[in-house]
Amino acid sequence: MSAEWRCVRRNQDECRRYLDQFKVFDHPLKQSSITVLESKGTRAKALASLSESTSGASSTLSLDPLSLALDGSDPLSAFAARQGSDPLSQMAAEFDGGSPVAKLGASASQKKSREVSCLLDMELIEPWGARRGAILNKYTTNEKLSIVTSFLNGGETIKSQTTMSEKVKYRLEQLDEFEEGTVRQMLDLSQQEYVVKIEQLNHELGQAWNTDQRVKALKIAIQCSKLLADTSVIQFYPSKFVLITDILENFGKLVYERLLVKGEYVRPGSKHPGPLPDNFTPDMVPESARETCQNWFYKIASIRELLPRLYVEMAILKSYRFLTANEFSTILMRLTRMIRGIGDPLVAVYARCYLCRVGMAITTDREYIKENLNDILDIYHTILNGGIRAEIAKHRITLNGYVSLFLPGLDWIMQGVTILSTDAQLDDILKRCREKKHPALLMQSIMQSFRSDFIALRAVHFVEVLSTISVEGFSRGQLLRMLGSILTHTAPPSEQRGAVLNAAWRVISSMGNVEEYIQCAEMWAQYTSQHFGLREVNALMGDILYHMTPNRSYERHYHELQVIVDKIVSNTQDIHGVLALDNFLPMLDLFQKDSVKLTVCKSILTSYRATSGDWCISDPVITNALMYISKVLNDSVNALTSEDERRQISNIISHFIRKVDFGRDFEQQLSFYVEARAAFSNLDAVYSTLIQSVNRLSTSTRRIVKGQHTNKTAAFVKACAAYCFITIPSIIDVTTRMELYLQSGQVALLNVCLQQADSCFEAALNLIPELPKTYEQDGKPTSTEPFLKSFLVNFLSTLVIVPDNPTQGVLYLLRLLLEVIKKYPFDPQSPQTLASLYLHILDYLSVASQEIYPYHIVNVISNDELYGSDPKFLAEVNGLSCEVCDQVLQILKQLLESNAIRAQSQLALELFLKIVTGADLTVERMYTLTYNLWNLAVKNRSALDPKQLQNILSYTEHLAEVTQLKSQKHCLQLLLEKMKSRL
C-alpha cells in the first residue's frame, strides 16, 4: 500500500477561510453606472454627475468597457454632433427652404388631407386585396373554360363580320377585331390553365405598354372586359371577375402614370418644369397632357359593346383628375345609370361592385354607392325569376350555389353604403331589404357588412327576422350561424342575451336537417359558454346529444362536435363546473373514432391547463372526469408515438395530477396516486410526477406532525415510501430511476424510515452498472460521466447522516459504491472524472471520522452517535481511505504514462489539499507523499495557473495557524518550509 491514511479530527471551522469583513453601503451586485446628459441628440457633452442640472434629457448607462473606451459617446453620435443633422434632413431643408417645424406641420397637414381624400383612406372598410384570396379559393370549378383572344397562341380562328360603312368599320376594327392577329377561341381549358392564360394576357399588356404599343394595350383591356360577359361557367364567375379586374387596374395605373409623366409642371418662381405634385389640380396640367387624356376617353367612348366600354372607362376613371376636379360625382352617377343596361343580374352586380371599388379610391362621395344599392333592390326580384331558374338548371348548379355567387360583389357595395351612415339610415336599409321577396341574400350581406355593434343592439329583432323570412336561395341555418358568429365577438346588451339565446335556439332545435343543426350549434355554443352559466351549457349539450345520437349521426360530424367541445371548454367561466356536468362525459362518448377522441381529450386538458389558474381539485366527480380524459391520452401512446407527442401528453397529464389536492385527507390523496399509477402505465414522465407527488405528500405529513410521528402517521409515510420503491422500477430511463431512488431515500430518511431509505439507496447504487456510457442530446452523443459525478456527490452528502444497518456491516453503502463504480465504463483516456469521485469519497471519509457531524436529521441517529468514535469504526474508515487514496495514486501513474502533464499536476494538487485537510501528517508515509505531490506540481508549474500554487500555499499557512493539534501543526509548519523552498 502506497498510502497509510489516518483521518485527523479537526473542528470544521479550521478548514474554512473567511474573507475579511468590512461595511459597505451599496449592494455588491449592483451595476456601476454613470449618468449621461444628452443635448441635441448627442452624447458628446456627457457629465458623470447626478447633481448637476441641464436642459437635456438624461439616461443611465452601465459602466462597461465600451462606454469607458468611447468616453461617454460613440462614433455615430460624434459624427452626428459634427454634422448637426443627418443628410436626409439637410437635403429636405435645402429643397423646401423652410424651418423644420414648418415642414413638420406641412407634412402633417398633407397626411391629414390624404386621409380624407377618398373613402378607402378612412380605413373603415376592409380593402379589396384582403378579400381577393378568399374569393379565388371559394369559387372554383372543374368544368372546362374558354377564352377568346388574339394575343395568345393556339385555339380556333373566329372570323369577324360587319356590314357598316367603311369609315366606321375601320375605326371599330381597330378596337374590336385586333389587327395584330386573328381572333382565336381557346376551348377546354382547366381552371389552372385559364388562370395561366389570364396572367399571360396581363404580361402581354405590360409588354405592349413598355414598347409604346398603347393601342394594343387598350385592345387587350377591351378583350379582357368582354370575358366578363361570359357566364357559361357561372360558378367560376366571381374568381374570373377578380382576375380580369386585376388586369384592368393594371391598365388604369399605366394610363395614369403615363399622364403624370406628360404633365410637367412649372412651379411659380421657377424656370424649370417638374413633375405634378400629389395634390395637383386640373389647371396645373399642361394642354398636351389634357389632350392625351381626352384622347383616351374618346377611344374608350367608341367601343361598340356596353360592357367593355363601361369596364375600361371605370379602369381609367382616376385619370379624370387631369380634366376636372369636381365632376367625379356626376361621372360616377352617369356610369351607375349606364349599368342599368346590363341584363344579367350577376354581371350587373359585379359591374356595380367594380364601379364602387374605383369610386371609393378617388372620392369621398357616397351618393353613387347608395344609387347602386337602390338599383340592386329595384331589380332584386329578377334574381330568382323563372328565366334565371331555367339558366341555373342548365348550368347544373343549386339555387343556394347560384345565390351565393352574388355575395362578394353585394358585400362590397353594402359595406360602402354603411360607411359614416347613421343608425337611422341603416335601419331604413334593413327595413327595405326585409320587405323584399326572398330576402335571405340581402340579410346575409347585411350581417356581413353592417357594424357588429349595430347588429348586437338589435339582436332580438334580427333573430325574429331570420326566423320568419323566406330563405329560398339560402338556408336558415346559414343566416343564424352568421348571426351567432357576430354575437360571439360583440355581445348584445345583458338584458337581451337570454331572449336572444332562447329565440335562436328554439329555431335551431326545430331544424330537421342534422347538418344544418350542428353547424348552427357549433357557432352558438361559444355564445352560450361565454355569457351563460352551467345550466344553459348543460342544456345545450343535452340538446346536441338528443339530435346527434339517432342513426349515429355524430359519426358524420366529428369536426363540428370537436369544435363545440373546444369552444365550451375554452370560453367557460367555470371549467371545473363544466367537467362535472351530467352531459359532458356522454358528449365525449360521441367520439367513437380513436384519433378524433384523442385530439378532443388533448384539447380539453390543454385548455384546462391554460384556464385552471391556481384552483385545486378535490371534487371526486371532476377528478374522475379528468382521469377518464387523461387515460384516453395514455392509452393512445404506443411504440410509434413520437417523443414530442409523448412529452406533450405527459406534461398535460402531470399538470392534472399536481392539481388534485384533497387537503388534509392524505389517505385519499395516496389512493388517488395509486389509481393514477394503474391508469398511466405508458408514460414514464407521469410516473415521475406521481413519485415526486407522493414524496411531497410524505414531507407534508412530517411537517404537520412537526417531525414527531404517531403510529398512524409512521405507517402512512412507510406506505408512501413503499409506493415509490415499487413504482420506480417501471420507469425505463436509468438516470431518472437513479434520481428518484435517491430522492425517495432522502424523504424516507427524513421520516425516519431507515430500512426503506437503505433499500432506495442500495437500489440507486446497483443501477450504476446499467448506466449507458452515452445518451443522445440535441442529436449528438453526450457522455453520462457528468451526470454520474453530480449524482454521487449528492449521494455522498446524504450518506454522511445515513446510519449503518447493523445487519450489513460498517459503511456498507460506501463499500457498495466503491464496488459498483468500478463497473461503470469510464473513459480510459480521460480518468479525471473517476479521480474526482475518489477525491469526493475522501471528503466523505474525512467527515465520517469526526466526533460530531456537521448536520443531522431530527430523530435519526447518525454514525457519529451510533459508533461514538469507536476505534474499530475509525480503523475501518482509515482502511477505506487508504484504498481510495491508492486508487487516486494509480490514476496519477496512468496520467504520467499518457504524458497528460497538466491533468497529472492538477490532480496532484487536489490530492495534496485532501491530505493536508483530512489526513494525519505525523504518519511518515503520508508526510512524504504530501511533499512528493507538491514537488510534482512545482515541477510542472508551467502547465498550471501561476496563481494556483500561491493560493494553495496560502491555504496551507492558514491550516497551520488554526490547527489545534500540536503535532499536526508542527508537521504543517515543516511542510510549509519545504514548500516555500521549492517555489
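Residues numbered from 1 in each chain as written. Predicted model: local features only at pLDDT ≥ 70, side-chain atom pairs only at ≥ 80, totals over all residues. Heavy atoms only, no water.

Caption draft 1: How the structure looks around the pattern of salt bridges. Tallying each qualifying case throughout the model produces 27 salt bridges. Residue E371 pairs with R340 through a salt bridge whose shortest N-O separation is 2.8 Å. Taken together, the positions of E371 in helix α14 (residues 367-378) and R340 in the loop between α12 (328-338) and α13 (345-360) put the pair 31 residues apart, joining distant regions of the chain. A residue is classified by how much of its surface remains accessible, and E371, at 22% relative accessible area, is partly exposed. We classify R340 as partly exposed; its relative accessible area is 44%. A salt bridge links K631 to D635; its shortest N-O distance comes to 3.0 Å. Residue K631 and its partner D635 are both found in helix α30 (residues 620-636); the two are separated by four residues, about one turn of the helix. Take K631: its relative accessible area is 36%, and that puts it in the partly exposed class. We classify D635 as partly exposed; its relative accessible area is 46%. One continuous salt-bridge network, built from bridges that share partners, spans D423, D427, R451, D453 and R458. (Salt bridge = Lys/Arg side-chain N within 4 Å of Asp/Glu carboxyl O. Helix = DSSP H or I, 4+ residues; strand = E, 2+ residues; numbered from the N terminus. Buried < 20%, exposed > 50% of the residue type's maximum accessible area, 1.4 Å probe, protein only.)

Caption draft 2: Highlighting the packing of helix α38 (residues 812-820) against helix α39 (residues 832-848). Between α38 and α39, the least distance of the axes is 12 Å, while the angle of their chain directions is 170°. Taken together, the axis directions place α38 and α39 in an arrangement best described as roughly antiparallel. For the pair α38 and α39, contact is made by L814, L817 and L818 and by Y838, I841, Y844 and L845, respectively. Broken down by class, the residue content of the contact of α38 with α39 amounts to seven nonpolar, no polar and no charged. (Axes fitted to C-alpha atoms, helices over the stretch in contact; angles between N-to-C directions. Parallel < 35°, antiparallel > 145°, perpendicular 65-115°, else oblique. Contact = heavy atoms within 4.5 Å. Nonpolar A, V, L, I, M, F, W, Y, C, P; charged D, E, K, R; others polar.)

Caption draft 3: Main features of the pairing of strand β9 (residues 780-783). In the sheet, strand β8 (residues 774-777) pairs with β9 via four bridges, with the strands oriented antiparallel. In the sheet register, Y775 faces β9, and the bridge partner there is T782. Connecting β8 to the next strand, β9, in antiparallel fashion are two residues, including D778 with a positive phi near 55°. (Pairing = 2+ DSSP bridges.)

Caption draft 4: Representation of the packing of aromatic side chains in the model. Inspection of the entire model under this criterion finds 28 aromatic pairs. For the ring pair F297 and Y320, a centre distance of 4.0 Å and an interplane angle of 25° mean the geometry is stacked. Pair noted here: F297 is in helix α10 (residues 287-301) and Y320 is in the loop between α11 (306-315) and α12, with a separation of 23 residues, a long-range link. Taking relative accessible area as the criterion, F297 reaches 9% and is therefore assigned buried. Aromatic side chains F912 and W934 sit 5.7 Å apart centroid to centroid with 40° between the ring planes, which places their arrangement in the tilted category. Taken together, the residues F912 in helix α42 (residues 901-918) and W934 in helix α43 (residues 924-939) connect sequence positions 22 residues apart. Exposure remark for F912: the relative accessible area of 0% places this residue in the buried category. Overall, the relative accessible area of 0% leaves W934 in the buried class. Taken together through their ring pairs, the aromatic side chains of W128, Y237, F241, Y311, Y350, Y354 and W412 make up a single cluster. The ring centre of W296 lies 5.1 Å from the NZ or CZ of K299, which sits over that ring. The residue whose ring lies beneath K318 is Y256, and the NZ or CZ to ring-centre distance is 4.5 Å. (Phe/Tyr/Trp six-rings, centres within 6.5 Å; stacked < 30°, edge-to-face > 60°. Lys NZ or Arg CZ within 6 Å of the ring centre and 35° of its normal.)

Caption draft 5: Expanded view of the packing of α12 against α13. The contact between α12 and α13 brings their axes to 10 Å, and the two run at 170°. In terms of orientation, α12 and α13 fall into the roughly antiparallel class. Counted together, L332, L335 and T336 of α12 and R352, L355 and G359 of α13 form the full contact between these two elements. The residue inventory of the contact of α12 with α13, partitioned by class, reads three nonpolar, two polar and one charged.

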